[in-house]
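Fold and geometry: a report
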Amino acid sequence: MPDGAKTGSKHIKIYRKFAILYILYMMEKNSVAKKIVISVIMVAVFSVVTWLIAVSMVDSVMAETAGGNEVQLMAIDNGQQAENMEKSQGDVKKSNDPLNGIELKLISGYTFSAKMLIIKDPSRVRLASIYPWRDKGIELHELVKEADAIAGINGGLYFQGRNSGGRPEGVSVSDGEIQYNSPATHGLHLVGLTNDNVLRIIDLTGKKAADVEKIVKEEGIRDAVTFPEERRDESNWFVPIIVDGKERVVKNGLRCCINPRTVVGQRADGAILLMAVNGRGTSAHFGATAVDLIRVMKENGAVNAANLDGGSSTCLYFNGKYEQTSTTLYYAKGSWNLPNAFVVDK
């Protein structure tokens, strides 16, 4: 069936549903029942309008980004990055205030809202963990508290069956120590900071544990997690989105599927961007696509950025409260149990 015919068929089905709801509304004499029916209609209308806006926006952005650059391993001039970072840190007056040098930014899109922490000094960002691993992890605010940090965000893949969260999947590096090393997952990418405070995104496809040890040593990786490309579907399982200032080529499934997202990025001056995107109906938001993430991170100066574990795992904690909680109903006041998280030192 031609695409136009398919779209027309979907529209007819939608119109039929609205017609049925309207008939029920007109036939119902009970005022309370009428209010329930009209509420359902309003929610349905909002969902359809949001979907149409999202499709229109994606098509527009796709036209602008067509012919972009292919994904490459990031390469920042360490000398220039260090100079920029030194200047940036010099702009932040030395203070005992842990909030100094941290900005919390609210970002809005057609189908999502997001909170972004901008940390001027990248050396303040590290990976906290519950290592040695156990059956059950802890919530994000507990990880932040135990690390004596001011903020935290979830990051890499982890075992989450029955909300266990007691150990990560893939690779986990904290303060230069490899705490977990099982890179067998297809399409796995290492995302983390080096001893020079440079954000690295490294493809571990086909690598073994010994290869990871060599990479961590030679690249000087101090804190990192992993997340895979296309584990189930490419619309939700993707990692590099901006590499050395070049946007990822957006194609196929990456044009669609809106979900909560967790993103880490770095500006040319060294500042770290930690972003948690709302979604799945919470606060009337549905989430963001890869196109959305690229646009937002570029607008905020990211020269390197990666998508990490999103969905119900996405959470952000800052200065004593959750700025983004899990979208799972049972954990709507906090987060899933986690084995590790990126935290920001006081």
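These figures come from a predicted structure and were not determined experimentally.

**Considering the overall build of the protein chain**
A count of helices and strands for the protein chain gives six helices and 17 strands. With 346 residues in all, the protein chain has 49% of them scored as buried. Pairs at least 24 apart in sequence give 70% of the contacts found in the protein chain among residues at least 6 apart. In the form shown here, the protein chain has an accessible surface area of approximately 17,000 Å², with 53% of it arising from carbon and sulfur atoms.

**Remarks on the pattern of salt bridges**
Counted by the stated rule, this structure contains eight salt bridges. For the salt bridge of Glu323 with Lys115, the shortest nitrogen-to-oxygen distance reads 2.7 Å. Of this pair, Glu323 sits in strand E16 (residues 321–324) while Lys115 sits in strand E2 (residues 113–119), placing them 208 residues apart in sequence. Judged by its relative accessible area of 14%, Glu323 falls in the buried class. In this structure, Glu229 and Arg248 form a salt bridge, with 2.7 Å as the shortest nitrogen-oxygen distance. Here Glu229, found in the loop between strand E9 (221–228) and strand E10 (240–243), pairs with Arg248, found in the loop between strand E11 (246–247) and strand E12 (261–267); they are 19 residues apart in sequence, far enough to count as distant.

**Concerning the pairing of strand E8 (residues 199–203)**
Buried residues dominate E8, accounting for four of its five residues. With five bridges joining them, strand E7 (residues 188–194) and E8 adopt antiparallel strand pairing. Note on E8: the bridge partner recorded for Leu193 is Leu199.

**Some thoughts on the sheet that holds E11**
Spatial strand order, E1-E2-E13-E12-E14-E10-E11: seven strands in an open sheet with antiparallel pairing. Every other strand in the sheet has two partners, leaving strand E1 (102–108) and E11 as the edge strands with one partner each. Its contacts with the sheet place helix H6 (residues 290–299) against E1, E2, E10, E11, E12, strand E13 (272–277) and strand E14 (302–307), and it is angled at close to 30° to E10.

**Looking at the pairing of E1**
Direction of pairing for E1 relative to E2: antiparallel, over a ladder of seven bridges. The residue of E2 that forms the bridge with Leu106 is Lys115. Linking E1 back to E2 in an antiparallel pair, the connection comprises four residues.

**Digging into the sheet that holds strand E15 (residues 316–318)**
Judged by pairing direction, the sheet is antiparallel, and its five strands sit side by side in the order E3-E17-E4-E15-E16 without closing on themselves. Bordering the open sheet on either side are strand E3 (125–129) and E16, each of which pairs with just one other strand. Each strand of the sheet is rotated relative to its neighbour by a mean of 35°, with strand direction disregarded. Pairing analysis gives three bridges linking strand E4 (residues 149–153) to E15, with the strands arranged antiparallel. Residue Ala151 lies in a different strand from E15, and its bridge partner there is Phe318.

**Describing the side chain of Thr262**
As for its placement among the helices and strands, Thr262 is situated in strand E12. Looking at Thr262, its side chain comes within polar contact range of the main-chain oxygen of Asp309, at 3.2 Å. With sequence-adjacent residues up to four places away left out, Thr262 is seen in contact with Ile153, Asn154, Met275, Ala306, Asn307, Leu308, Asp309, Gly310, Thr314 and Cys315.

**As for the nonpolar core**
Core analysis: the biggest nonpolar cluster contains 27 residues, and Leu117, Ile119, Val191, Val264, Leu274 and Val344 have the highest contact counts within it. Discounting chain neighbours no more than four positions away, the residues touching Leu274 are Lys115, Met116, Leu117, Ile119, Ile153, Val263, Val264 and Val344. Ranked by size, the runner-up nonpolar core spans 23 residues in total, among them Ile118, Ile241, Val296 and Met297.

**Overview of the packing of aromatic side chains**
In the structure shown here, the tally under the stated rule is three aromatic pairs. Relative to Trp133, the ring of Tyr131 lies with its centre 5.3 Å away and its plane at 70°, an arrangement referred to as edge-to-face. With relative accessibility at 37%, the residue Tyr131 sits in the partly exposed group. What makes Trp133 buried here is its relative accessible area of 19%. Ring centres 5.0 Å apart and planes at 10° place the aromatic pair Phe227 and Trp237 in the stacked group. Of this pair, Phe227 sits in strand E9 while Trp237 is found in the loop between E9 and E10, placing the two residues ten residues apart along the sequence. Accessibility classification places Phe227 together with Trp237 in one group, the buried group. Above the face of the Phe159 ring, Arg167 is positioned so that its terminal group lies 3.9 Å from the ring centre.

**As for the side chain of Asn163**
With respect to the helices, strands and loops of the structure, Asn163 is situated in the loop between E4 and strand E5 (170–174). With a relative accessible area of 7%, Asn163 lands in the buried category. Dropping the residues within four chain positions of it, Asn163 is found in contact with Lys136, Tyr331, Trp336 and Asn337.

Conventions and cut-offs
Residues numbered from 1 in each chain as written. Predicted model: local features only at pLDDT ≥ 70, side-chain atom pairs only at ≥ 80, totals over all residues. Heavy atoms only, no water. Helix = DSSP H or I, 4+ residues; strand = E, 2+ residues; numbered from the N terminus. Buried < 20%, exposed > 50% of the residue type's maximum accessible area, 1.4 Å probe, protein only. Contact = heavy atoms within 4.5 Å. Areas by Shrake-Rupley, 256 points an atom, 1.4 Å probe, with all protein chains shown as cover. Salt bridge = Lys/Arg side-chain N within 4 Å of Asp/Glu carboxyl O. Pairing = 2+ DSSP bridges. Axes fitted to C-alpha atoms, helices over the stretch in contact; angles between N-to-C directions. Polar contact = N/O pair within 3.5 Å; in protein donor to acceptor, adjacent residues only side chain to side chain. Core = buried A, V, L, I, M, F, W, Y, C linked by side-chain atoms within 4.5 Å. Phe/Tyr/Trp six-rings, centres within 6.5 Å; stacked < 30°, edge-to-face > 60°. Lys NZ or Arg CZ within 6 Å of the ring centre and 35° of its normal.

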